[in-house]
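Observations on the three-dimensional arrangement
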Amino acid sequence: MAFPFPDDALFLGFDSSTQSLKVTVLDSRLVIVTSEIIRFDIDLPHYKTKDGVYRDPSGNGRIVSPTLMWIEALDLLLDKLKAKNFDFSRVLAISGSGQQHGSVYWKKGSSAILSSLNPQHTLLSQLSDAFSTKESPIWMDSSTTKQCREIEKAVGGPMVLSKLTGSRAYERFTGPQIRKMFESRINVYKETERISLVSSFMGSLMIGGYAAIDETDAAGMNLMDYKERIWSKIALQATAPDLEEKLGKLAPAHAVAGQISPYFVERFKFKRSCQVIQWSGDNPNSLAGLSLDSPGDLAISLGTSDTIFGITNQPEPSLEGNIFPNPIDPACYMVMLCYKNGSLTREDIRNQFAGASWDVFNEYLDNTSPLNDGKLGFYYNEREILPPVPAGYHRFLVDVDSGDERPVEHFDAPGEVRAVVEGQLLSMRAHAERFGLPVPPRRVVATGGASANDSILRIVAAVFGCDVYTVQRPDSASLGAALRAAHGWLCNKEDTFVPIAKLCAEGSTLAPKLAMPAGGECKFSAYTQLIKKRMEIEVQLVNKSSLESSKGRERM
Ligand code: ADP
Ligand code: XUL
């Protein structure tokens, strides 16, 4: 295949995620050349984050990350590439991925600082006073239930909001987070001249000015009319006053955000003409990195959050799940479900029951049987999004023949390990089916840190009853961002939208490869009964938690 790029071209894709900042570099044939990572807890220990975040010790669900840590990580990551003698002058375009929903509050006057950064000094030293709050609320935050209900009520109900913005109000979505800032810290809100998402914030650093918010990531705010791709006046009004001017413009994911700022040209020797393509959210970037292009494909991302997503031409807004414009195909949509208890919860069970070792964890997975002899676990280290229940562990023993269940305190260690993985996947299958995603899918394409684990992929193949594919690296978000950099560069050069499929045709090194076959014996139907039972128990847990929170409100 002839690639439409100069032979020596390079493309950079960043991923500013919950626990790390990563970069993947592609060459002119879209082959991965190198990658680097800054792990926040380890490489920037002075911020004292755990898993990249601060959890409010009072247990009120407030979870934030230090904005300055993300800035320091960017200089540090580029320094790492420089130390490898990386030739920045070959980079034609850059793009990036940001954890979705997180928000950054730029203080009045900061655009002037951004546009005159001195390459002799670090970004951190020049931007340390540029924010009206130094703690950015992130997607793990669940402290805005009150604001969610207020916004939904103001627009005419959760379903009206979902039909308008693609999602009902969710605690982690940026609109409710902004409303909380307005209600509880009015001075911060007033002092703010621009609110960026993590994606547009990182893009802003790169262009030395405020970058527009990408239309796909904007759909994670409860503020954009997802069909028209414009700010919704109704949603803006329901959220906070004078909001539109603080949000700035929207732009499609393939648009050029701007040319790289002189700061990076001087400091790292990028070419002045290097383009920064709009940054977008991590899940949309993963969709690009996984080359997801068929409505029969299902992507499962096993990162800090677990997400499950697919594409469709006919999205059906509902009270569960999210609809985003597709970042690589303006004619269709991305539909997604998100779980908060993903990798960190698997890690916790590994630490408690498998001696903190993935090897032992995998041995337990490999030596226990599908259906786990009826051991059904619900493990929530944090308040969960899907289903909306508080933190807590719940274990049941189900008689697979009669369907009767009884609560138990513990399982044996191997049983706990299988129960966490199987339980998460059973929940994904049940909710995906209810949400209209293809179940069983034509194939699953898996990504995220845990997709490097074959023992987990084997259970994915069994639960979903299909082959499981992966791409070259478990970090599809930065890979997708690098691919979008190349795509954005090409669209700009041709002055028209070029279908990305032209770049990642079958046979390219980026095409997903078979990682785990469905296996001779299909467990798909065997799991169906257990899923029914799981969903019944889930409803009971949700009802119990709603009852407890309404009793709590009465007592207040
Ligand atoms: P992010 O969402 O921050 O980008 P990643 O996709 O990089 O996160 O995933 C990080 C997670 O991957 C870690 O929290 C870790 O639990 C998980 N992980 C890494 N290696 C393995 C493995 N071999 N088996 C299971 N999980 C793993
Ligand atoms: C998606 C979500 C998470 C974050 C962090 O709605 O909240 O997946 O994007 O990965």
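Reference entry: report on the structure contained in this document. Given the structure is predicted, the values throughout are model-derived calculations rather than measurements.

The full set close to ligand 1 counts 14 residues, and Ser17, Lys22, Thr304, Glu347 and Gly449 are the nearest of them. For ligand 1, an oxygen atom lies 3.1 Å from a polar atom in the side chain of Gln19. Interatomic distance of 2.9 Å between a backbone N/O atom of Gly449 and an oxygen atom of ligand 1. Relative to its unbound accessible area of 590 Å², ligand 1 is 79% covered by the protein chains. For ligand 1, the cavity whose grid points lie within 2 Å of the majority of its atoms is the second largest pocket.

We now examine the site of ligand 2. Around ligand 2, the neighbouring residues are Gln100, His101, Trp139, Arg172, Asp282, Asn283, Ser305, Thr307, Met336 and Cys338. Side-chain polar atom of Asn283 to an oxygen atom of ligand 2: 3.0 Å apart, as the coordinates give it. In this structure, an oxygen atom belonging to ligand 2 sits 2.7 Å away from a side-chain N or O atom of Ser305. Computed on the free molecule, ligand 2 has an accessible area of 290 Å², of which 97% lies beneath the protein chains in the complex. Judged by the fraction of its atoms near the pocket grid, ligand 2 is located in the second largest pocket. Of the residues that constitute the shell around ligand 2, the class distribution is three nonpolar, five polar and two charged.

Attention now moves to the sheet that holds strand β23 (residues 405-408). Either a parallel or an antiparallel arrangement is found when strands of a sheet pair, and the pairing is made through backbone hydrogen bonds. Reading across the sheet, the three strands line up as β21-β22-β23 and stay open at both edges, with antiparallel pairing between neighbours. If you trace the sheet from one side to the other, it starts and ends with β21 (375-380) and β23, each paired once. The average undirected angle you get between the axes of adjacent strands in this sheet is 25 degrees. Its contacts with the sheet place helix α15 (residues 343-353) against β21 and β22 (392-398), and it is angled at close to 75 degrees to β22.

So, on to the layout of surface pockets. What the second largest pocket holds in volume is close to 850 Å³. In this structure, the second largest pocket is lined by 42 residues; those nearest its centre are Gln19, Lys22, Gly303, Thr304 and Gly449. Within the residue set of the lining of the second largest pocket, elements represented by two or more residues are β2 (20-27), β3 (32-39), α1 (40-43), α14 (282-289), β20 (333-339), α15 and α19 (476-494). Element by element, the count of residues in the lining of the second largest pocket is highest for α15, at four residues. Within the lining of the second largest pocket, the residues separate by chemical class into twelve nonpolar, 20 polar and ten charged.

What counts, and at which threshold
- Residues numbered from 1 in each chain as written.
- Chains lettered and ligands numbered in written order.
- Predicted model: local features only at pLDDT ≥ 70, side-chain atom pairs only at ≥ 80, totals over all residues.
- Heavy atoms only, no water.
- Near = heavy atom within 4 Å.
- Polar contact = N/O pair within 3.5 Å; in protein donor to acceptor, adjacent residues only side chain to side chain.
- Areas by Shrake-Rupley, 256 points an atom, 1.4 Å probe, with all protein chains shown as cover.
- 1 Å grid on protein atoms, 1.4 Å probe; cavity = no way out; pocket = protein on both sides within 12 Å on 5 of 7 lines; lining within 4 Å.
- Sits in = over half its atoms within 2 Å of the grid points.
- Nonpolar A, V, L, I, M, F, W, Y, C, P; charged D, E, K, R; others polar.
- Pairing = 2+ DSSP bridges.
- Helix = DSSP H or I, 4+ residues; strand = E, 2+ residues; numbered from the N terminus.
- Axes fitted to C-alpha atoms, helices over the stretch in contact; angles between N-to-C directions.
- Contact = heavy atoms within 4.5 Å.
- Points joined across faces, edges and corners; volume = space filled by probe spheres on them.

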